[in-house]
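Reading the structure
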Amino acid sequence: MNYQEAAAWLNQRDHVLILTHRRPDGDTVGCAAGLCAALRGLGKTAWVLPNEDATDLFAPYLEPYLAPDEAEPDVVVSVDIAGRGLFTPRGERWLERGIDFAFDHHPSYEGFAKESCVDPSRAACGELMYDVVRELGQLRPETALPLYVAVSTDTGCFMYGNTTPATHRVAAALMETGIDYQAANKRHFRTKSYKRFRLEALIVANMDLHDGGKLAVTAISLEDMARLGADERDAEDIAAFLGQLEGVETSVTIRELQPGECKLSVRTVDGGLNATRICSLLGGGGHAAAAGCTVWGGVDDAKREILKAIRTVQHGG
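The rules behind the values
Residues numbered from 1 in each chain as written. Predicted model: local features only at pLDDT ≥ 70, side-chain atom pairs only at ≥ 80, totals over all residues. Heavy atoms only, no water. Helix = DSSP H or I, 4+ residues; strand = E, 2+ residues; numbered from the N terminus. Rg over C-alpha atoms; globule rule 2.2 N^0.38 Å. Buried < 20%, exposed > 50% of the residue type's maximum accessible area, 1.4 Å probe, protein only. Pairing = 2+ DSSP bridges. Axes fitted to C-alpha atoms, helices over the stretch in contact; angles between N-to-C directions. Contact = heavy atoms within 4.5 Å. Core = buried A, V, L, I, M, F, W, Y, C linked by side-chain atoms within 4.5 Å. Expected span 1.5 Å × (residues − 1). Phe/Tyr/Trp six-rings, centres within 6.5 Å; stacked < 30°, edge-to-face > 60°.

1. What to know about the overall build of the protein chain
Of the regular secondary structure elements, the protein chain holds 12 helices and 11 strands. Expected size for 317 residues packed as a compact globule is a radius of gyration near 20 Å; at 19 Å, the protein chain falls within 12% of this value. Each principal axis of the C-alpha distribution contributes one length, and for the protein chain these read about 55 × 40 × 40 Å. In the protein chain, which comprises 317 residues, the proportion classed as buried is 52%.

As structure tokens, then:
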């Protein structure tokens, strides 16, 4: 469906439960909060499923909308979830029951929902959700603020290569509702914890450069996180950090999540290697310039596997 059809579909439903993905970022959280606020503005019953991974950086946007344990939805909607493996433990129950509608902007969307509105041309799912909310006639400050967070965080405050003129127009329309976008920008882009500074220093210390400095790979182990006393908020959007190094065209950030499990985030420049093609070789996906995957093994295993995948794509595989 296009966004007009998706809005009409939602307008005919009630008792809606909205699902976010594992290790939630600003896009999935902002879409969930913005959509829930819009549906409630229409007089509908709507909730967001609590996400056990949400950090205190994004959790406040969800708090007014969290579903009680006794909630019994008629409709289940996912936002910014591309694949089955991205559902939270709570969300997996609803995946088994069946997802009625999915909103997404990833080209790797797996088609798990009965109905969907997917547009890979959008910089963020929040950009798509803006059109849906506007179509519902619910572009109010309480819907606009989380959607602004969705769009701004998924574009790195409008600095990533996925940012388009349309993205700026959406941001402008959201700002015009009177939201405190300056406070949001400071919270998400101009404030770092002391532990975050130490984590960035460690990332540089652990970095390996390849291909004459065009490829950078780093890893953060469980031991590293424990030694710094860092948590998920300190590591938010850490995958974007290495790409700031002059000359780097492809960066890989490896996070050891638990013994034997590493999450890999790949970032590339426009016109460079396709990050989705790299990560798809390891069972992952995402966008051309930003994708991720999981390697089952230790940090050294993850480095070996991602370098092998990069070489395969470099040689046309």
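Continuing now.
2. Some thoughts on the sheet that holds strand β2 (residues 46–48)
The strand order β2-β1-β3-β4-β5 describes an open sheet built from 5 strands, whose pairing is parallel. Sheet topology places β2 and β5 (115–118) at the edges, where each strand pairs with a single neighbour. With strand direction ignored, the average angle separating the axes of adjacent strands in the sheet is 20°. Bridge count for strand β1 (residues 16–19) against β2 is 3 bridges, and the pairing is parallel. Looking at the pairing, I18 lines up with V48 of β2. Helix-sheet contacts for helix α2 (residues 26–41) involve β1, β2, β3 (75–79) and β4 (101–104), and the interaxial angle to β2 is about 165°.

3. Observations concerning the nonpolar core
Among the nonpolar cores identified, the biggest contains 49 residues, and I18, L35, F103 and M129 are the most heavily contacted of them. Residue contacts for M129: discarding those within four places in its chain leaves C31, L35, V79, F103 and L147. In terms of nonpolar packing, the next biggest core, distinct from the first, is built from 21 residues, A219, I254, C279 and L282 among them.

4. Brief notes about the sheet that holds strand β6 (residues 208–210)
Ordered by their spatial adjacency, 6 strands build an open sheet running β6-β7-β8-β9-β11-β10, and the pairing between neighbours is mixed. The open sheet has two free edges, formed respectively by β6 and β10 (285–286), since each of these has just one partner strand. The pairing of β6 with strand β7 (residues 215–220) spans 3 bridges and is classified as antiparallel. Looking at β7, one finds that L209 is bridged to A216.

5. As for α2
Relative to the 22 Å expected for 16 residues at 1.5 Å per residue, α2 spans 22 Å between its end C-alpha atoms, a close match to the ideal helical length. Phi turns positive, to about 85°, at G43, one or two residues after α2.

6. Some points on the packing of aromatic side chains
The full count for this structure, using the stated rule, is 6 aromatic pairs. Ring geometry for W9 against F101: centres 4.9 Å apart, planes inclined by 45°, an arrangement best described as tilted. Here the residue W9 occupies a position in helix α1 (residues 3–11), and F101 occupies one in strand β4, the gap between them amounting to 92 residues. Residues W9 and F101 agree in their burial class; the two are buried. Seen in terms of ring centroids, Y148 and Y181 are 6.4 Å apart; in terms of plane orientation they differ by 55°. Their pairing is tilted. Here Y181 lies in helix α8 (residues 181–189) and Y148 lies in helix α6 (residues 141–154), a separation of 33 residues in the sequence. For Y148, a relative accessible area of 3% gives the class buried. Accessibility expressed as a relative area gives 28% for Y181, which makes it partly exposed.

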